[in-house]
Amino acid sequence: MPELPEVHTITNDLKKSIIGAQILDVKIDPQYKVIPDNNSFVKLVKGKKITGVSRIAKNILIELENTGILHFHLAMTGRILLRDKKTPDNWTRVVFLLKADNYSRILKFSDMRMFGKVGFYADLAGSNLLKKYGPDLIFATPDLDSFSKAIKNKKSSIKNVLLDQSVVAGLGNIYATEALFLAGIDPSRLSNTLSKDELQKLLTAAITVLNEGIAHRGSTLPDKMYVDIFGNPGSYQEHFKIYLKDKCPRCGSGVLNTKINGRSTYHCPSCQK
DNA sequence: ATGTTTGTTCCGAT
DNA sequence: CATCGGAACAAACA
């Protein structure tokens, strides 16, 4: 599910909602496995105070006073929910009981398909999170030269390269598809055939769609899987130009739905060259 | 029953 | 050894 805009929205909302709270208790579904292991996780996290919330690429980090970092990756169907009272939520895997001076809340990690990850790390260095990412398209926008170099270094379709988080961090299947439409580039083009001008358009388009996604609090597809921490859907899906579309909004041509490296791709054969 | 699905990692081929 | 593409991870829905 979540690409950068969804993860960014969740991170910002958590930042406003849970900093200063103490984690009174942690419950893990015994069928579910966290890192390093369920027993150690509970021991390490229980009783700790939350001092910060941040995002690295599509990872959410909750900093705990003096002890370390809670790490969440939502993958395809992960959710983080903040509830005021006990509420039945599907696919709940880990539950944190939070207590602050003026409230008690329940923080839940839910994940239908269980591709996501929950872990505790004593520090960032132990987490691998610092190594594998290219520049964050929102926090550390690359300049054209470094973007070009990273893109041309790869031998694959431009769509596939945009999904490679070690090239640039943040795009997923939907926003990469939208960015390529906005830039007028055929997603199946080999990345090393793009001109400087096309790369500039693509970089600008990628940053634009991610910012618009954030402004609309993310995208919720027809399956309703993505919701924010309050359980509310995003609305950027109402502004998709090409993803899931039949007709090109620019020229009216039929949109082609193809697969590139196994991922569903939409493009206009007339507007994207 | 079969084919889809917002992400990432691992493995075999090149 | 590095890189790429496909399979796998697992669950629900049409």
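A quick note: this is a predicted structure, and the numbers were derived from the prediction, not measured.

**Here we look at unusual backbone geometry**
- The residue after Ile 35, namely Pro 36, is reached through a cis peptide bond having omega 5 degrees.
- As for its position among the elements, Pro 36 is in the loop between β1 (22–28) and α2 (38–45).
- Phi at Trp 91 is positive, roughly 60 degrees, even though this residue is not glycine.
- Counting through the fold element by element, Trp 91 comes out in the loop between β5 (78–83) and β6 (92–99).
- Among the residues examined, Trp 91 registers a relative accessible area of 33% and is labelled partly exposed.
- For Asn 128, which is not glycine, the phi torsion reads 75 degrees and is therefore positive.
- Its place among the elements puts Asn 128 in the loop between β8 (117–121) and α3 (144–152).

**Here we look at the sheet that holds β5**
- If you walk across this open sheet you meet the four strands as β1-β6-β7-β5, and the pairing is antiparallel. Bordering the open sheet on either side are β1 and β5, each of which pairs with just one other strand. For this sheet, the mean angle separating the axes of adjacent strands, direction not counted, is 15 degrees.
- Sheet topology places β1 next to β6; six bridges connect them, and they run antiparallel. Its bridge partner being in β6, Ile 28 is matched across the sheet by Val 94.
- Against the sheet, helix α1 (residues 4–18) makes contact with β5, β6 and β7 (104–111), and its axis sits at roughly 25 degrees relative to β5, the strand it touches most.

**Section: the protein's contact with DNA strand C**
- Near DNA strand C, the surroundings consist of Trp 91, Met 112, Arg 113, Met 114, Phe 115, Lys 154, Lys 155, Ser 156, Asn 160 and Asn 261.
- What you see for DNA strand C is that sugar and phosphate hold 62% of its atoms within 4 Å of the protein.
- Lys 155 places a polar main-chain atom, nitrogen or oxygen, 2.6 Å from a phosphate oxygen of DNA strand C.

**Comments concerning the domain arrangement of chain A**
- The domain architecture assigned to chain A consists of domain 1 (4–131) and domain 2 (144–267).
- Computed over C-alpha atoms only, the centres of domain 1 and domain 2 are separated by 28 Å.
- Listed as interface residues are 19 residues of domain 1 and, on the opposing side, 20 residues of domain 2.
- When the buried surface of domain 1 facing domain 2 is broken down by residue, Pro 5, Glu 6 and Arg 79 rank first, second and third, together holding 29% of it.
- In this structure, the connection of domain 1 to domain 2 is made through one salt bridge.
- For Asp 13, the salt bridge identified is with Arg 217, shortest N-O distance 2.4 Å.
- At the boundary of domain 1 and domain 2, one finds eight residue pairs in polar contact (both at pLDDT 80 or more).

**Points about the pattern of salt bridges**
- Following the criterion strictly, the structure yields twelve salt bridges and no others.
- In this structure, the salt-bridge partner of Asp 89 is Lys 108, at a minimum N-O distance of 2.8 Å. Of this pair, Asp 89 sits in the loop between β5 and β6 while Lys 108 sits in strand β7, placing them 19 residues apart in sequence.
- Between Asp 145 and Lys 196 there is a salt bridge, with its nearest N and O atoms 3.0 Å apart. Here Asp 145, found in helix α3, pairs with Lys 196, found in helix α6 (residues 196–215); they are 51 residues apart in sequence, far enough to count as distant.
- Judged by its relative accessible area of 45%, Lys 196 falls in the partly exposed class.
- Overlapping salt bridges bring together Asp 13, Arg 217 and Asp 228 as one network.

**Digging into the UniProt feature "domain: Formamidopyrimidine-DNA glycosylase catalytic" (unreviewed entry) in chain A**
- Within this structure's numbering, the places UniProt gives as "domain: Formamidopyrimidine-DNA glycosylase catalytic" (unreviewed entry) are residues 2–116.
- Note that residues 2–116 is 20% helix and 42% strand, and that its end C-alpha atoms are spaced 11 Å apart.

**Examining the side chain of Ser 156**
- In this structure, Ser 156 sits in the loop between α3 and α4 (158–163).
- Overall, the relative accessible area of 16% leaves Ser 156 in the buried class.
- For Ser 156, the side chain forms a polar contact with the side chain of Asn 160, separated by 2.9 Å.
- Ignoring any residue separated from it by four or fewer positions in sequence, one finds Ser 156 in contact with Val 161, Arg 189, Leu 190, Ser 191 and Asn 261.

**A closer look at the packing of helix α5 (residues 173–183) against α6**
- Between α5 and α6, the least distance of the axes is 8 Å, while the angle of their chain directions is 130 degrees. Our classification of the angle between α5 and α6 gives oblique. Judged by the sense of rotation from one axis to the other, the crossing of α5 with α6 is right-handed. For the pair α5 and α6, contact is made by Tyr 175, Glu 178, Ala 179, Leu 180, Leu 182 and Ala 183 and by Lys 201, Leu 202, Ala 205, Ala 206, Thr 208, Val 209, Leu 210 and Gly 213, respectively.
- Looking at the contact of α5 with α6 residue by residue, the class counts come to ten nonpolar, two polar and two charged.

Basis of the calculations
Every chain's residues receive numbers from 1 upward, in the order its sequence appears when written. Working convention: letters from A go to chains and numbers from 1 go to ligands, in the order in which they are written. This being a predicted model, a pLDDT of at least 70 is required before a residue's local features are given, and a value of 80 or more before pairs of side-chain atoms are given or counted; all residues contribute to the totals for chains, interfaces and linings. Here the side-chain values reflect all heavy atoms present in the structure, with hydrogen atoms and water set aside. Every helix listed is a DSSP run of H or I at least four residues long, and every strand listed is a run of E at least two residues long, numbered separately from the N terminus. Only protein chains enter the accessibility calculation, which uses a 1.4 Å probe; a residue whose area is less than 20% of its type maximum is buried, one above 50% is exposed, and one in between is partly exposed. Strands were regarded as paired on the criterion that DSSP finds at least two bridges between them. Here, axes are lines fitted to C-alpha atoms. For helices the fit covers the stretch in contact, and angles between N-to-C directions go from 0 to 180 degrees. By definition in these notes, contact holds between two residues if any of their heavy atoms fall within 4.5 Å. It suffices for a single heavy atom of a residue to lie within 4 Å of a molecule or strand for the residue to be listed as near it. We call two N or O atoms a polar contact when they sit within 3.5 Å, provided that within protein one can donate a hydrogen and the other can accept it, with sequence-adjacent residues counted only if both atoms are side-chain atoms. An automatic or database domain assignment supplies the start and end points of every domain. When two parts are brought into contact, each loses some accessible area as probed by a 1.4 Å sphere; the total of that loss over both is the buried area. Salt-bridge detection follows one rule: a side-chain nitrogen of Lys or Arg within 4 Å of a carboxyl oxygen of Asp or Glu. UniProt positions are given in the numbering used here, feature names are shortened, and annotations may be inferred rather than shown by experiment. Angular relationships are summarised with four words: roughly parallel below 35 degrees, roughly antiparallel beyond 145, roughly perpendicular across 65 to 115, and oblique for the angles in between. It is the rotation of the near helix from the far one that decides the hand of a crossing: anticlockwise by less than a right angle makes it left-handed, clockwise makes it right-handed. In the scheme used here, Gly and all other residues not listed as nonpolar or charged are polar, with Ala, Val, Leu, Ile, Met, Phe, Trp, Tyr, Cys and Pro taken as nonpolar and Asp, Glu, Lys and Arg as charged.

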